[in-house]
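Spelled out from the first residue to the last, the chains are:
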Amino acid sequence: MNWGIPMADKDRITAMDQELDALFATARRQSLPLDEALTDRILADALALQSAPAAPARPVPAQAVRPGRLAQFFALLGGWPAVAGLATATVAGLWIGTTSPDMLYAQTGLFESASSSEASDLYLVDAFSAFDALPAGG
Amino acid sequence: MSDMAFDALDELDDDALLVLFANGDGTAARLLTRRLAPRVLNHAARLTGDRAEAEDVTQEAMLRLWRIAPDWRRGEARVTTWLYRVTANLCTDRLRRRRGGTAPLDSVPEPEDEHPGVAETMQDRARMDALQQALDGLPERQRQAVVLRHIEGMTNPEIAEIMEIGVEAVESLTARGKRALATALAGRRDELGYTDG
């Protein structure tokens, strides 16, 4: 189908279509410079708006605030939640390490003796011994 | 502000600079102007074919950017996408107001390149003028799509976002636009120094 365009014209259009890419490339390399007068006008508008009564300041984006070395270190560890977990584990480790074994046995002994006869003796304790002091036959 | 601080802020993206601007930072305004205004100016020049109008559009588009800064929502849209959209709308308004006018020939950007020969410069100039005239003859949406794709070098999805249409519609607009440009310029091939064969 030639869309009613004479063949010679069609060839010229096809050739031009290919040359257009080079033309676009030339256009891409050229640009209007931003002259000083226009820059001044744009900045004057910006300044006028900044001088106007301002809305409450918004928080500066995190990207705009350069983090300190400590913050960078924490970020490396996975952020504040990870650091909090690490601190908890450290304190627990310290407690286990400094606690005397006796105290540890005291803590764990309850579980160890749960199956011993001493433990079952707990259930043989006379819970109502106070009644022994009451007069008999009253 | 020192050059060092200027350079440090220059590493920030447009979103961050816009928030700093909204918080009263003058350096952010200078950086955003230097970064974005040339792009707006050149895009507007391609769409209107008129440098003076392109400058007015650039000032207006940047003013709208300053105004929206306090309400800008980071991450919702890219600043450049928003700015290209505003620029195109401003250009469309101006083109509709001046229906029937002709584009001044000095609207096409001057070459800023590597000292080409005089004849080559004149030929490039003639070709750029012819290209601009052919662009001016396209329907507005086709012109915008062709300029964004072939001169600004954007991808079809980026153009789709700017023009708020689907990617297929962008492909259709650019294909039809390029074909129309080829048709318009085919008759001037000899004049523009293109030879057959």
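The name recorded for chain B in an unreviewed UniProt entry is RNA polymerase sigma factor, from Pseudooceanicola pacificus. In its Sequence similarities (unreviewed entry) section, the UniProt entry covering chain B states "Belongs to the sigma-70 factor family. ECF subfamily."

Caption draft 1: The overall build of chain B, seen in detail. Looking only at helices and strands, one finds nine helices and zero strands in chain B. Listing the helices and strands of chain B from first to last along the sequence gives α-α-α-α-α-α-α-α-α. Within chain B, contacts between residues separated by at least 24 positions form 64% of all contacts whose residues are at least 6 apart in sequence.

Caption draft 2: Looking closely at the pattern of salt bridges. Counted by the stated rule, this structure contains 16 salt bridges over all chains. For Asp21(A), the salt bridge is made with Lys178(B), and the minimal N-O distance between the two is 3.1 Å. Of this pair, Asp21(A) sits in helix H1 (residues 7-29) while Lys178(B) sits in helix H9 (residues 167-186), on two different chains. Judged by relative accessible area, Asp21(A) falls into the partly exposed class, the value being 39%.

Caption draft 3: View of the confidence of the model for chain B. Residue and element names in this part refer to chain B. Per-residue confidence for chain B gives a mean pLDDT of 86; residues scoring 70 or more make up 86%. When the elements of chain B are averaged for pLDDT, helix H1 (residues 3-10) gives the smallest value, 73, and helix H4 (residues 51-68) the largest, 96. Scored below 50 in pLDDT, residues 103-108 shows 19 contacts in the model against residues more than four places distant or in partner chains.

Caption draft 4: Here's a closer look at the nonpolar core. Counting 60 residues, the largest nonpolar core has Leu65(B), Trp66(B), Leu131(B) and Leu181(B) as its most contacted members. Two domains each put at least three residues into this core: domain 1 (1-99) and domain 2 (110-197) of chain B. For Leu181(B), the contacting residues outside a window of four places in its chain are Leu20(A), Phe24(A), Leu131(B), Ala134(B), Leu135(B), Leu138(B) and Val146(B). Core analysis: the second largest hydrophobic core is formed by 10 residues, Ala145(B), Met154(B), Ile159(B) and Val170(B) among them.

Caption draft 5: Focus on the side chain of Thr174(B). Structurally, the position occupied by Thr174(B) is in helix H9. Discounting chain neighbours no more than four positions away, the residues touching Thr174(B) are Ala145(B), Val146(B) and Arg149(B).

Caption draft 6: Representation of the confidence of the model for chain A in the model. Chain-level pLDDT for chain A is 71 on average; 50% of the residues reach the 70-or-more range. Of all secondary-structure elements in chain A, the lowest mean pLDDT belongs to helix H6 (residues 117-121) of chain A, at 51, while helix H2 (residues 36-51) of chain A reaches the highest, 94.

Caption draft 7: Spotlight on the interface of chain B and chain A. At the interface, 59 residues of chain B touch 37 residues of chain A. The interface formed by chain B and chain A holds four salt bridges in total. Between Arg189(B) and Glu19(A) there is a salt bridge, and its shortest N-O distance comes to 2.5 Å. Between the two partners, chain B and chain A, sit 11 residue pairs in polar contact (both at pLDDT 80 or more). If you list the elements that add at least two residues to the side of chain B that touches chain A, you get helix H2 (14-22), helix H3 (26-48), H4, helix H6 (118-136), helix H7 (140-151) and H9 of chain B. The element contributing the most residues to the side of chain B that touches chain A is H3(B), with 10 residues.

Caption draft 8: Spatial organisation of the environment of Arg39(B). Residues and elements named next belong to chain B. Along the chain, the position of arginine 39 falls in helix H3. Separated by 44 residues in sequence, arginine 39 and leucine 83 place their C-alpha atoms 9.4 Å apart. Of the polar contacts made by the side chain of arginine 39, one reaches the side chain of tyrosine 84; its length is 3.5 Å.

Conventions and cut-offs
Residues numbered from 1 in each chain as written. Chains lettered and ligands numbered in written order. Predicted model: local features only at pLDDT ≥ 70, side-chain atom pairs only at ≥ 80, totals over all residues. Heavy atoms only, no water. UniProt positions renumbered as here; feature names shortened; annotations may be inferred. Helix = DSSP H or I, 4+ residues; strand = E, 2+ residues; numbered from the N terminus. Contact = heavy atoms within 4.5 Å. Salt bridge = Lys/Arg side-chain N within 4 Å of Asp/Glu carboxyl O. Buried < 20%, exposed > 50% of the residue type's maximum accessible area, 1.4 Å probe, protein only. pLDDT = per-residue confidence, 0-100. Core = buried A, V, L, I, M, F, W, Y, C linked by side-chain atoms within 4.5 Å. Domains from an automatic or database assignment. Polar contact = N/O pair within 3.5 Å; in protein donor to acceptor, adjacent residues only side chain to side chain.

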